Amino acid sequence: MLVEKIEHKWLAAFARTFTLCKVQPGEVVAILAETQSRRVNVELARLALEGMGAKVFEVTLTTPALTAPAPVRSTGASDAIGQLGPVVAALARADMVVDCTVEGLLHAPELPTIMKGMDGHMPRLLMVSNEHPEILERTVPDPALEGVVRAAMKKLRTAQQMHVTSAAGTDLRVNLKHGDKQAVVGGVWGFCPKPGMVSHWPAGLALAFPAAGSVNGTLVMAPGDVNLTFKQYLRDTIRLSIENDSVVAIEGHGVDVDMMRGYYKAWEDAEGHRACYAVSHVGFGLNPDARWDAMAFYDKRDCNGTELRAFAGNFLYSTGANEVAGRHTLGHFDLPMRGCTIRLDDTVVVDAGQVVSAVLA
């Protein structure tokens, strides 16, 4: 287990990232934390911001009691704020919010209100993933990543269909335009210099939230692919049959298959519906500094796994909440896969796990 303490090199990493966010002297910056937050990251953020001349205040909330039928991990949907109006108002009035909650605010219900701003302020928000600072040090955002992610987002917005295949047997089609509806496209490159922007660190991926009824086919996860909710590399092959967005069959043998079935079933039984089985978002990683093998070097408590969502050339398939499709659940899987070929209409953007840089220039 790595030691968590203030180190100059980690303070410098936070300062470099906040510089990319164009933090200015005199700006009001809110740090949002909870009692289970990784305190070293909160302190590194505060010290770096104060060193840049920002006016910093911290809001620390009590981590809520568990209400879920199973542990909740890596959802990006923190429930720490709990719709507390004064907290939302304080964050909305800041120039920038540094999100150090355990799960992050990316899909939290309060985020849209916060990002609208108040009293002439529109904040920008950076989610600092719940990682050990060494991971953040290795993945300090590269300004060049912004252009690559923006190019990938443009490809996603203009494409009609995403087609994903692999030697393992994946054959999945995602209609990015479905009738009169289309997927909502997003992307993150690790910094947020303008009001209204939301990003997270580590970063480097482009993704789409498909409209309802857009996803069909077969997804085959091979040994070495990743179940980030469990923070595990797969040992077994898992074959998922997907019809009308939803996983309808989980085939295979071994512990990995049994654990996935059990986690899905826990949410289905507790919530009384099958939203946990349905697609949340699909996308692909673009960050050459993010490593597929990173989890092998860290204890589970040291690693949130955000880096593995972003390693260059992965196909990321996620199930769970999808506001675009009108589905809500806390049951969530993030499943980065290697060796996939991703086509956007007739253009190959990832070829057998390798980003085709020429088409994203």
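Residues numbered from 1 in each chain as written. Predicted model: local features only at pLDDT ≥ 70, side-chain atom pairs only at ≥ 80, totals over all residues. Heavy atoms only, no water.

Run through the sheet that holds strand 11 (residues 205-209), naming residues and quoting values.
Taking strand neighbours across the sheet as the criterion, the five strands line up as 9-11-17-18-19 in an open arrangement whose pairing is antiparallel. Looking at which strands have only one partner, the edges of the open sheet turn out to be strand 9 (184-188) and strand 19 (333-337). Across the sheet, the mean angle from the axis of one strand to that of its neighbour is 20 degrees, orientation sign disregarded. Alignment of strand 11 against strand 17 (residues 279-285), held across four bridges, turns out to be antiparallel. (Pairing = 2+ DSSP bridges. Helix = DSSP H or I, 4+ residues; strand = E, 2+ residues; numbered from the N terminus. Axes fitted to C-alpha atoms, helices over the stretch in contact; angles between N-to-C directions.)

So what's going on with the sheet that holds strand 5 (residues 161-166)? Residues and values would help.
Read across the open sheet, the eight strands follow the order 16-15-12-6-5-20-21-22; overall the sheet is antiparallel. Of all the strands in the sheet, the pair left with one neighbour each is strand 16 (246-251) and strand 22 (354-355). Across five bridges, the pairing between strand 5 and strand 20 (residues 340-344) is antiparallel. By the bridge assignment, serine 166 is partnered in strand 20 with cysteine 340. Relative to strand 16, helix 7 (residues 255-271) is tilted by about 145 degrees, and along the sheet it contacts strand 12 (215-221), strand 15 (238-243) and strand 16. (Contact = heavy atoms within 4.5 Å.)

Outline the nonpolar core, supporting the account with residue identities and numerical values.
Residues Phe18, Val98, Met162, Phe315 and Tyr317 are the most contacted members of the largest nonpolar core, which totals 79 residues. Residues in contact with phenylalanine 315, not counting those within four places in the same chain, are Met162, Val164, Leu172, Leu219, Val282, Gly283, Leu335, Pro336, Met337, Cys340 and Ile342. Judged by nonpolar contacts, the second largest core, of 18 residues, contains Leu91, Val97, Leu125 and Met127. (Core = buried A, V, L, I, M, F, W, Y, C linked by side-chain atoms within 4.5 Å. Buried < 20%, exposed > 50% of the residue type's maximum accessible area, 1.4 Å probe, protein only.)

Lay out the environment of glycine 217 in plain terms, naming residues and giving numbers.
As for its placement among the helices and strands, glycine 217 is situated in strand 12. Remark: the alpha-carbon pair of glycine 217 and glycine 283, spanning 66 residues in sequence, is separated by 16 Å. When sequence neighbours within four positions are dropped, the list of residues in contact with glycine 217 reads Asp171, Leu172, Leu240, Ser241 and Ile242.

Can you explain the packing of helix 1 (residues 8-20) against helix 2 (residues 39-51)? Please cite residues and give values.
The contact between helix 1 and helix 2 brings their axes to 9 Å, and the two run at 60 degrees. Of the possible angle classes, the one that applies to helix 1 and helix 2 is oblique. At the point where helix 1 passes helix 2, the crossing takes the right-handed sense. The residues of helix 2 that touch helix 1, namely those facing Trp10, Leu11, Phe14, Ala15 and Phe18, are Asn41, Leu44, Ala45, Leu47, Ala48 and Leu49. (Parallel < 35°, antiparallel > 145°, perpendicular 65-115°, else oblique. Left-handed = near helix turned anticlockwise from the far one by under 90°.)

Can you lay out unusual backbone geometry for me, pointing to particular residues and giving the numbers?
Backbone torsion omega between tryptophan 201 and proline 202 reads 0 degrees, so that peptide bond is classified as cis. Looking at the secondary structure, you find proline 202 in the loop between strand 10 (198-201) and strand 11. A positive phi angle is found at lysine 22, which is not glycine, with a value near 60 degrees. Looking at the element boundaries, lysine 22 is found in the loop between helix 1 and strand 1 (28-34). The backbone phi angle of aspartate 245 is positive, close to 85 degrees, even though this residue is not glycine. On the secondary structure map, aspartate 245 appears in the loop between strand 15 and strand 16.

Explain the pairing of strand 21 (residues 347-351) to me, and be specific about the residues and the numbers.
Here strand 20 runs beside strand 21; their pairing, made up of three bridges, is antiparallel. Among the inter-strand pairings, leucine 344 is bridged to a residue of strand 21, identified as threonine 347. Linking strand 20 back to strand 21 in an antiparallel pair, the connection comprises two residues, with aspartate 345 at a positive phi of about 55 degrees. The pairing of strand 21 with strand 22 spans two bridges and is antiparallel. Looking across to strand 22, one finds that aspartate 351 is bridged to glutamine 354. Here strand 21 folds back onto strand 22 in antiparallel fashion, the turn holding two residues, of which alanine 352 has a positive phi close to 50 degrees.

For the pattern of salt bridges, give the residues involved together with the corresponding values.
Considering all chains together, one arrives at 19 salt bridges under this definition. In this structure, the salt-bridge partner of aspartate 256 is arginine 235, at a minimum N-O distance of 2.7 Å. Of the two residues, aspartate 256 sits in helix 7 while arginine 235 sits in the loop between strand 14 (232-233) and strand 15, which places them 21 residues apart along the sequence. For aspartate 256, a relative accessible area of 3% translates into the label buried. Here aspartate 269 makes a salt bridge to lysine 265, at a shortest N to O gap of 2.7 Å. One end of the pair is aspartate 269 and the other is lysine 265, both in helix 7 and four residues apart, which spans about a single turn. Lysine 265 gets classed as partly exposed once you look at its relative accessible area, which sits at 41%. (Salt bridge = Lys/Arg side-chain N within 4 Å of Asp/Glu carboxyl O.)

So what about the packing of aromatic side chains? Which residues, and what values?
Overall, the coordinates contain ten aromatic pairs when judged by the stated rule. Residues tyrosine 263 and phenylalanine 333 carry aromatic rings whose centres are separated by 5.3 Å and whose planes lie at 55 degrees to one another, so their mutual orientation is tilted. Residue tyrosine 263 is located in helix 7, and its partner phenylalanine 333 is located in strand 19; the two are separated by 70 residues in the primary sequence. For the pair formed by tyrosine 263 and phenylalanine 333, the shared burial category is buried. (Phe/Tyr/Trp six-rings, centres within 6.5 Å; stacked < 30°, edge-to-face > 60°.)

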